[in-house]
Structures are given as C-alpha cells and as structure tokens.
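Remarks on the overall topology
Residue strings, one per chain:
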Amino acid sequence: DRNGPAPAALGMDGNTGSSGMAYVQVGNFADRIRAERMRAGVAHLGPVEVAPVQIGSETYYRVRIGPMNTGEARNALNEVSRQGVTGGTLVTAQY
C-alpha cells in the first residue's frame, strides 16, 4: 500500500545508546501530505524534519523529531505514544 507506512529500512542506525544526539522517528510515508500532517501533529515536541528517502524506485518521507539529547528524545517518544502514534522509534545520530 503506497499510502501506508514505509519499510523499516528507512530508519537511521537503530542504535538506542544513552549518550549523544537522538531523534524520534515517528513515521515513514509514501504520501508527502500524510508526512506533513504527522509533522504538524508533533511539532510542539521540537524541531521536526520530513526527509525524502529513496528505496529502489520508490520515494518515502521519513518524519523525525530532533536532534535532541537522549533524555529529551525519550520524553518526546513517550509523548508521541500518548498521542496514539504507534511505531515511534528512538534512534541516535551517527557522526
């Protein structure tokens, strides 16, 4: 379904370590409009990026909050979950 969540391959490094900068990945969408709606819904939690990601011939839009320190990211992930967003993931940035 091109309008549903994109494959998990759109994550960052998957590392959930306790130091450094982190992001909360809140969704991957084949439809840019849905990604922008998600951005609007979580914008109060911090800076939000909608980034196009190419997987084969398909373009998906990754929505993530951050960067922020890991503690802030954990709090943001908890808040996203309270809002009913499922599948949020804490990921750390690679340097």
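See the structure printed just above.
Attention in this report is confined to the structure presented alongside it. Here the residue numbering is sequential within each chain, running from 1 through the sequence in written order. At least 70 in pLDDT is required for a residue's local features to be given in this predicted model, at least 80 for side-chain atom pairs to be given and counted, and no such filter applies to totals for whole chains, interfaces and linings, which use all residues. The side-chain quantities take in all heavy atoms of the structure and omit both hydrogens and water.

**Focus: the overall build of the chain**
- Counting its regular elements, the chain contains 2 helices and 4 strands.
- The buried share among the 95 residues of the chain stands at 40%.
- Once local pairs closer than 6 in sequence are excluded, the contacts in the chain between residues at least 24 apart make up 68%.
- Using the Shrake-Rupley algorithm and a 1.4 Å probe, accessible areas are obtained, with residue cover drawn only from the displayed protein chains. Looking at the chain as shown, the accessible area adds up to about 5200 Å², and 49% of this sits on carbon and sulfur atoms. Only DSSP runs of H or I reaching four residues or more are called helices, and only runs of E reaching two or more are called strands; each is numbered from the N terminus. Exposure classes here rest on a 1.4 Å probe applied to the protein chains alone. A residue is buried below 20% of its type maximum, exposed above 50%, and partly exposed in between. Whether two residues are in contact is decided by their heavy atoms, any of which lying within 4.5 Å being enough.

**Comments concerning the pattern of salt bridges**
- Salt bridge, as used here, is a side-chain nitrogen of Lys or Arg placed within 4 Å of a carboxyl oxygen of Asp or Glu. Across all of its chains, the model carries 4 salt bridges by this definition.
- In this structure, the salt-bridge partner of Glu49 is Arg64, at a minimum N-O distance of 2.6 Å. Here the residue Glu49 occupies a position in strand E2 (residues 48–55), and Arg64 occupies one in strand E3 (residues 58–69), the gap between them amounting to 15 residues.
- With a relative accessible area of 32%, Glu49 lands in the partly exposed category.
- Residue classification places Arg64 among the buried residues on the basis of a relative accessible area of 11%.
- Salt bridges linked by common partners bring Arg32, Glu36 and Arg39 together as one network.

**Some remarks on the packing of aromatic side chains**
- Any pair of Phe, Tyr and Trp rings, taking the six-membered ring for Trp, is counted once the centres come within 6.5 Å. Such a pair is stacked with planes under 30 degrees apart, edge-to-face with planes over 60 apart, and tilted for the rest. Applying the stated criterion across every chain, the model contains 0 aromatic pairs.
- Only when the NZ atom of a Lys or the CZ atom of an Arg is both within 6 Å of the ring centre and within 35 degrees of the ring normal do we say a charge sits over the ring. Looking at Arg64, its charged tip hangs above the ring of Tyr23, at a distance of 4.3 Å from the centre.

**Observations concerning helix H1 (residues 32–42)**
- Among the residues making up H1, those that are buried are Ala35, Met38 and Val42. For H1, the buried positions fall inside an angular range of 60° around the axis, keeping them on one side. Along H1, the residues that are exposed and aim more than 90 degrees away from the buried face are Ile33, Arg37 and Ala40. Comment: arc refers to directions from the helix axis out to C-beta atoms.

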